[in-house]
Amino acid sequence: MGLYAKVMNIFFDLDGTIIDSKQRLYQLFQFLVPESNFSFYEYWELKMNKISNESILKTYFPNIDILMFHENWMALIESEEYLILDLPFPGTTEYLNGLKQNEAIIYLFTARQSIISVSYQLNRFGWSNMFSDIFVTEQKYEKAEMIKHLVYNHSLNWIVG
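Attention in this report is confined to the structure presented alongside it. These numbers come from a predicted model, not from an experiment. Numbers given for residues are sequential positions, taken from 1 along each chain in its written order. At least 70 in pLDDT is required for a residue's local features to be given in this predicted model, at least 80 for side-chain atom pairs to be given and counted, and no such filter applies to totals for whole chains, interfaces and linings, which use all residues. Derived side-chain values reflect all non-hydrogen atoms in the structure, with water molecules and hydrogen atoms excluded from consideration.

Considerations on unusual backbone geometry
What counts is decided by this rule: Numbering of helices and strands runs from the N terminus; a helix is a DSSP stretch of H or I covering at least four residues, while a strand is a stretch of E covering at least two.
The phi angle at Lys50 is positive, at roughly 65°, despite the residue not being glycine. If you trace the backbone, Lys50 turns up in the loop between helix H2 (40–48) and helix H3 (53–60). Of note, Glu103 is a non-glycine position whose phi angle comes to about 65°, a positive value. Structurally, Glu103 is set in the loop between helix H6 (92–101) and strand E4 (105–110).

A short note on the environment of Tyr43
We count it as follows: For the exposure calls, accessible area comes from a 1.4 Å probe over protein chains only, and a residue counts as buried if that area is under 20% of its type's maximum, exposed if over 50%, partly exposed in between. Throughout, a contact is declared for two residues whenever any of their heavy atoms are within 4.5 Å.
Tracing the sequence through the fold places Tyr43 in helix H2. The exposure class of Tyr43 is buried, given its relative accessible area of 1%. With 13 residues separating them in the primary sequence, Tyr43 and Gln30 have C-alpha atoms 9.6 Å apart. With residues near it in sequence (within four places) discarded, Tyr43 still touches Leu25, Tyr26, Phe29, Phe38, Asn53, Ile56 and Trp73.

Overview of a nonpolar patch on the surface
Quick note on the threshold: Patches here are clusters of residues that have more than 30% relative accessible area and form no salt bridge, with a 9 Å joining cutoff for like charges and a 5 Å cutoff for nonpolar side chains (Val, Leu, Ile, Met, Phe, Trp, Tyr). Residue exposure ignores everything except the shown protein chains as possible cover, and the areas themselves are Shrake-Rupley values with a 1.4 Å probe. When a carboxyl oxygen of Asp or Glu is within 4 Å of a side-chain nitrogen of Lys or Arg, the pair counts as a salt bridge.
Among the surface-exposed residues, Met8, Leu156, Trp158 and Val160 lie close enough to one another that they form a single nonpolar patch of about 350 Å² accessible area. Per-element accounting of the nonpolar patch gives the leading share, three residues, to strand E6 (residues 155–160).

Notes on the pairing of E4
Regular strands place side chains that alternate from one sheet face to the opposite one. Let me state the cut-off plainly: The rule for pairing is simple: two strands pair if DSSP sees at least two bridges between them. When the strands point away from the viewer and the connection leading from the first strand across the helix to the second strand turns clockwise, the crossover is called right-handed.
Most of E4 sits inside the fold, with five of its six residues counted as buried. As paired elements, E4 and strand E5 (residues 133–136) share four bridges and run parallel to each other. Bridge assignment links Leu108 to a residue of E5, and that residue is Ile134. Handedness of the crossover joining E4 and E5 through helix H7 (residues 115–124): right-handed.

Below, the structure written as structure tokens:
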């Protein structure tokens, strides 16, 4: 193994990777676009085809003010009212515990706006002591920039996102 012991660093993204945030995103869209009669599955079929909310609005709801929609979306997306809709993917807690027991160093990184909303969910899911560090972009930084100082030659680095 050489002069250095291999350290395993695992970087997990939050939304869509270890928690299922689909219900939150769908419910918020429905709230902000009361004219929408999309079912959960219809909305997610569009999203899975990489169609942005902006494109959905332009195509199906041309009378919606996109700028106002975006401002309201950003104001509400991390509110407790909507965060309560998120759930961990089945088996996530057990998997993260297993990684820790095998001495992996686990990090969390997310494009969320606020560490407060992230902490709320980590506490809610019993994950508050699971991660060695938490990186929140606050919509100001790039994820890669925030974690690059932790990736070094003598480690095994995995990014799961």
